[in-house]
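This is what each chain is made of:
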Amino acid sequence: MNLSALIFDVDGTIAQTERDGHRVAFNLAFTELGLHWYWDESLYRELLKTTGGKERIADYAKRFQPEWWAMPDVQTRIAMVHHCKTKHYLSLINRGNIPLRDGVRELIAEAQARGLRLAIATTTTPDNVYGLINTHFQQEGSPFEVIAAGDIVPAKKPAPDIYTYVLQALNLPARACLAIEDSEVGLQSALGAGIPTVITQHEDTHGQDFTGAIKVLDSLHLVSINDLMAWHRES
Ligand code: XBP
Ligand code: MG
């Protein structure tokens, strides 16, 4: 079946948003709210195994802040911390501090020129996606026909829900699409929806289990649509 659409993950795939973006925003929120918590790079890399910022705060609190976790209305408090974190993240993004990864802009432009449909399937909060797209595609406008993000589905990655949502929105079969991901949990999500997947790994995901990916790359630098179509055909 021919390739009709590319479905991009966001964090770690389109841009390196985690270490210097989300992690910094979490720590700024903790400080603003008087929580003496600090997520350094190695702890954050471990916490990233839990997708979703609210879920990540819950995982951390359960394991490392049991008294805070045990206080009443913990979900309300988590939502408040996450809301504050998103405010800080958006201001980081809007300042243009987080660039697109190598090759992403060129590949998206070529996909558009070749008439491929483009979509987003991400765990992050929708506002974070709009902020990143507005910052980097301000001139030409968003290239994405479908943006599926965050709590729009009941279960986050590695569950397939977000990719299944995108397939339904595009009205395309999984085999007509190609997912581009950076992480093991993202790969599991896309494969769970039956979508052939290319991995563009980085220092925080090197060494994860990418079994089932049709290709594992270090970046999308110099990757062409013809490359993706060939790998998709061979898959
Ligand atoms: C990455 C995530 C998100 C971000 C934080 O999503 O798991 O939770 O780390 O964003 P993906 P929020 O790789 O699927 O783009 O705090 O808004 O969840
Ligand atoms: Mg990702």
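Look above for the structure.
Keep in mind it's a predicted model, so treat the numbers as computed, not measured.

This part is about the environment of Phe137. You can see Phe137 is positioned in the loop between α7 (126–136) and β3 (146–149). For Phe137, a relative accessible area of 5% gives the class buried. For Phe137 and Ala155, which are 18 residues apart along the polypeptide, the C-alpha to C-alpha distance reads 29 Å. Contacts of Phe137, omitting those with residues within four sequence positions, involve Leu100, Arg105, Ile108, Ser142 and Pro143.

It is at 9 Å that the axes of helix α3 (residues 53–64) and helix α5 (residues 74–94) come closest, and there the two elements cross at 125°. Classified by the angle between their axes, α3 and α5 sit oblique to one another. With respect to the hand of their crossing, α3 and α5 are arranged in right-handed fashion. For the pair formed by α3 and α5, the contact residues are Gly53, Lys54, Ile57 and Ala58 on the first element and Ile78, Val81 and His82 on the second. Of the residues contributing to the contact of α3 with α5, the split by class is four nonpolar, two polar and one charged.

Once that is clear, we can look at the coordination of the magnesium ion (ligand 2). Only Asp9 (OD), Asp11 (O) and Asp182 (OD) from the protein coordinate the magnesium ion (ligand 2), and they sit 2.2 Å from it. If you list the donors of the magnesium ion (ligand 2) from N- to C-terminus, the spacing comes out as D-x1-D-x170-D. Remark: Asp182 occurs in the loop between β4 (177–181) and α9 (184–192) and Asp11 occurs in the loop between β1 (5–8) and α1 (18–32); sequence separation between them is 171 residues.

Looking now at the pairing of β3. In the sheet, strand β2 (residues 117–122) pairs with β3 via four bridges, with the strands oriented parallel. Bridge pairing in β3 links Ala121 to Ala148.

Among the 19 residues in the neighbourhood of ligand 1, the closest are listed as Glu18, Gly53, His82, Thr122 and Thr125. Between ligand 1 and Gly52 there is a distance of 2.9 Å, counted from an oxygen atom to a backbone nitrogen or oxygen. Contact between ligand 1 and Thr122: an oxygen atom at 2.6 Å from a side-chain N or O atom of the residue. Compared with its free state, where it exposes 450 Å², ligand 1 has 95% of that area covered by protein. Contributing elements (two or more residues each) for the shell around ligand 1: α1, α3 and α5. Counting residues per element, the shell around ligand 1 draws most heavily on α1, at three residues. A class-by-class count of the residues in the shell around ligand 1 yields three nonpolar, ten polar and six charged.

Where burial is concerned, most of β2 is hidden: five out of the six residues are buried. Summarising the sheet, β1 and β2 pair through four bridges and their orientation is parallel. In the sheet register, Leu6 faces β2, and the bridge partner there is Leu118. Tracing the backbone out of β2, into α7 and back to the parallel element β3 gives a crossover that is right-handed.

How each quantity is defined
Residues numbered from 1 in each chain as written. Chains lettered and ligands numbered in written order. Predicted model: local features only at pLDDT ≥ 70, side-chain atom pairs only at ≥ 80, totals over all residues. Heavy atoms only, no water. Helix = DSSP H or I, 4+ residues; strand = E, 2+ residues; numbered from the N terminus. Buried < 20%, exposed > 50% of the residue type's maximum accessible area, 1.4 Å probe, protein only. Contact = heavy atoms within 4.5 Å. Axes fitted to C-alpha atoms, helices over the stretch in contact; angles between N-to-C directions. Parallel < 35°, antiparallel > 145°, perpendicular 65-115°, else oblique. Left-handed = near helix turned anticlockwise from the far one by under 90°. Nonpolar A, V, L, I, M, F, W, Y, C, P; charged D, E, K, R; others polar. Donors = N, O, S within 2.8 Å, 3.2 Å for Na, K, Ca; no water. Pairing = 2+ DSSP bridges. Near = heavy atom within 4 Å. Polar contact = N/O pair within 3.5 Å; in protein donor to acceptor, adjacent residues only side chain to side chain. Areas by Shrake-Rupley, 256 points an atom, 1.4 Å probe, with all protein chains shown as cover. Right-handed = clockwise from strand over helix to strand, strands pointing away.

So yeah, pure geometry; function would need other evidence.
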